[in-house]
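# Structure assessment
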Amino acid sequence: MKILVINCGSSTIKFQLIDVENNDEVIAKGRCDMVGYKESNIIYNNVRDGFKMNEDRPMPTHKEGMEVLLNTLMDKEHGVIESIDEIYAIGHRVVHGGEKFNTSVLVTEEVVNEIDA
């Protein structure tokens, strides 16, 4: 079971892919930088085989940034998963949880509404 943990900022997507069934091993990590700019790139580290990459990729929006991230994780040569179906859950860091959300929670419509408020 693998969990993708992301932290999206205004122009970045930081990520780690964790193998929960293998002592919470981080198997890949990195970040998409300059999302929304012409100079966007992905920094990727396949922790299992030691492969590292820093490559320019167009990412005009966070949607394209997530596509680049997922395609990199599924890359035939240096990816760590064969299919997106291997990702059991996605966690996202929310900075402004306020007093109501000071621990991890499942994101529901109520949680989104509270954060929006």
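For the structure, check the block above.
A few points on the structure. Quick caveat, the model's predicted, so the values are computed rather than measured. (Residues numbered from 1 in each chain as written. Predicted model: local features only at pLDDT ≥ 70, side-chain atom pairs only at ≥ 80, totals over all residues. Heavy atoms only, no water.)

## Quick look at the environment of Asp33
Of note, Asp33 is situated in strand S3 (residues 25-33). With 15 residues separating them in the primary sequence, Asp33 and Arg48 have C-alpha atoms 23 Å apart. The residues touching Asp33, leaving out its near neighbours within four places in the chain, are Ser11, Thr12, Ser40, Asn41, Ile43 and Met59. Here Arg31 takes part through its side chain, which lies 2.8 Å from a polar atom of the side chain of Asp33. (Helix = DSSP H or I, 4+ residues; strand = E, 2+ residues; numbered from the N terminus. Contact = heavy atoms within 4.5 Å. Polar contact = N/O pair within 3.5 Å; in protein donor to acceptor, adjacent residues only side chain to side chain.)

## Quick notes on the packing of aromatic side chains
Inspection of the entire model under this criterion finds one aromatic pair. A centroid spacing of 6.4 Å and a plane angle of 55° characterise the contact between Tyr44 and Phe51, whose relative ring orientation is tilted. A relative accessible area of 2% places Tyr44 in the buried class. (Phe/Tyr/Trp six-rings, centres within 6.5 Å; stacked < 30°, edge-to-face > 60°. Buried < 20%, exposed > 50% of the residue type's maximum accessible area, 1.4 Å probe, protein only.)

## Things to note about the pattern of salt bridges
For the structure shown, the criterion picks out six salt bridges. Residue Lys100 pairs with Glu114 through a salt bridge whose shortest N-O separation is 3.8 Å. Linking Lys100 in the loop between strand S6 (87-92) and helix H2 (109-116) with Glu114 in helix H2, this pair joins segments that are 14 residues apart in sequence. Its relative accessible area of 35% is what places Glu114 among the partly exposed residues. Overlapping salt bridges, with partners in common, bring together Asp19, Glu25 and Arg48 in one network. (Salt bridge = Lys/Arg side-chain N within 4 Å of Asp/Glu carboxyl O.)

## A word on the sheet that holds strand S4 (residues 41-46)
Ordered in space as S5-S4-S3-S2-S1-S6, the six strands form an open sheet in which the pairing is mixed. The open sheet has two edge strands with one neighbour each: strand S5 (51-56) and S6. Ignoring strand direction, the axes of neighbouring strands in this sheet form an average angle of 15°. Running over the sheet, helix H1 (residues 62-73) touches strand S1 (2-8), strand S2 (13-19), S3, S4, S5 and S6 and is turned about 35° from S2. (Pairing = 2+ DSSP bridges. Axes fitted to C-alpha atoms, helices over the stretch in contact; angles between N-to-C directions.)

## Considerations on the environment of Val107
For Val107, the position within the fold is in the loop between S6 and H2. By relative accessible area, Val107 is classed as exposed at 58%. Taking the C-alpha atoms as reference points, Val107 and Val68, separated by 39 residues in sequence, lie 24 Å from one another.

## Concerning the layout of surface pockets
In this model, the largest pocket occupies a volume close to 430 Å³. Along the wall of the largest pocket there are 17 residues; nearest its centre are His92, Arg93, Val94, Val105 and Val107. Of all the secondary-structure elements, those providing two or more residues to the lining of the largest pocket are S6 and H2. A per-element tally of the lining of the largest pocket places H2 first, with four residues. Of the residues in the lining of the largest pocket, the class split is nine nonpolar, six polar and two charged. (1 Å grid on protein atoms, 1.4 Å probe; cavity = no way out; pocket = protein on both sides within 12 Å on 5 of 7 lines; lining within 4 Å. Points joined across faces, edges and corners; volume = space filled by probe spheres on them. Nonpolar A, V, L, I, M, F, W, Y, C, P; charged D, E, K, R; others polar.)

These results come straight from atomic positions and should not be treated as a statement about function.
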